[in-house]
Amino acid sequence: VAIEPGASIEGELDVPADLDIFRGHFPDHPVLPGVIIMEALARCASIAVLQSPELRGCIGFLAGIDAAKFRRQVAPGETVTLRATIVKSSRRLVVGEVCATATQKYVLAPKE
């Protein structure tokens, strides 16, 4: 939706009602798992960071999540807005605070 390379990003995650994961999470009350939300946030934030020319060709690996809080459940058919602000960044480590009130850390490694 919007990006300020190296600083912030806003994206969207469409949650199709027919995702296979809903059959097991949970059969009578389908909810998008929190780990999927965190992964989507991590990928979104990585896009903002990896726009720097010196980081082109790197991959962001999720290395930690601190103080995550889930404000409400995400149901099939919803669109989740993902917002990330990069708080700290170096060639090896990125710290971003995101809309789900989690602080995420990423390790960057060159693609091989």
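Since the model is a prediction, treat every value here as computed from it, not as a measurement.

This part takes up helix 1 (residues 34-49). Taking 1.5 Å of rise per residue, 16 residues should cover 22 Å, and helix 1 covers 23 Å from first to last C-alpha, within 8% of that figure. Of the residues making up helix 1, those classed as buried are Ile-37, Met-38, Ala-40, Leu-41, Ala-42, Cys-44, Ala-45, Ser-46, Ala-48 and Val-49.

On the surface, a nonpolar cluster with roughly 310 Å² of combined accessible area is contributed by Leu-19, Ile-21, Val-35 and Ile-36. Mapped onto the elements, Leu-19 comes out in the loop between strand 2 (8-14) and helix 1. Judged by its relative accessible area of 34%, Leu-19 is partly exposed.

The next thing to look at is the pattern of salt bridges. For the structure on display, the rule yields four salt bridges. The salt bridge involving Arg-83 is made with Glu-10; its shortest N-O contact spans 3.4 Å. Placement of the pair is Arg-83 in strand 4 (residues 79-89) and Glu-10 in strand 2, with a sequence separation of 73 residues. The partly exposed category is assigned to Arg-83, whose relative accessible area is 44%. Of the charged contacts in the structure, one is a salt bridge between Glu-39 and Arg-43, with a shortest N-O distance of 2.8 Å. Of this pair, Glu-39 and Arg-43 both sit in helix 1, separated by four residues, roughly a single helical turn.

A separate point is unusual backbone geometry. For the bond from His-25 to Phe-26, the omega torsion is -5 degrees, close enough to zero to count as cis. Within the secondary structure layout, Phe-26 lies in the loop between strand 2 and helix 1.

Let us look at the state of the cysteines. According to the stated counting rule, one finds zero disulfides in the structure shown. In this structure Cys-58 is a free cysteine whose sulfur lies 18 Å from that of Cys-44, the closest cysteine sulfur available. Exposure remark for Cys-58: the relative accessible area of 17% places this residue in the buried category.

What counts as what
- Position numbers for residues start from 1 in each chain and track the written sequence from start to end.
- Confidence filtering applies because this is a predicted model: local features only for residues at pLDDT of at least 70, side-chain atom pairs given and counted only at 80 or more, and all residues used for totals across whole chains, interfaces and linings.
- The basis for the side-chain values is all heavy atoms of the structure; hydrogens and waters are excluded.
- In DSSP terms, a helix is any run of H or I states spanning at least four residues, a strand is any run of E spanning at least two, and both are numbered starting from the N terminus.
- A helix is expected to span 1.5 Å multiplied by its residue count minus one.
- Note on classification: 1.4 Å probe, protein chains only; a residue is buried when its accessible area is under 20% of the maximum for its type, exposed when over 50%, partly exposed between these limits.
- Patch membership requires over 30% relative accessible area and the absence of a salt bridge. Like charges are linked within 9 Å, and nonpolar side chains (Val, Leu, Ile, Met, Phe, Trp, Tyr) within 5 Å.
- Computed with a 1.4 Å probe, the accessible areas rest on the Shrake-Rupley method; for each residue, only the protein chains presented here act as cover.
- What makes a salt bridge here is a side-chain nitrogen of Lys or Arg within 4 Å of a carboxyl oxygen of Asp or Glu, nothing more.
- Whenever a pair of cysteine sulfur atoms sits within 2.5 Å, that pair is classed as a disulfide.

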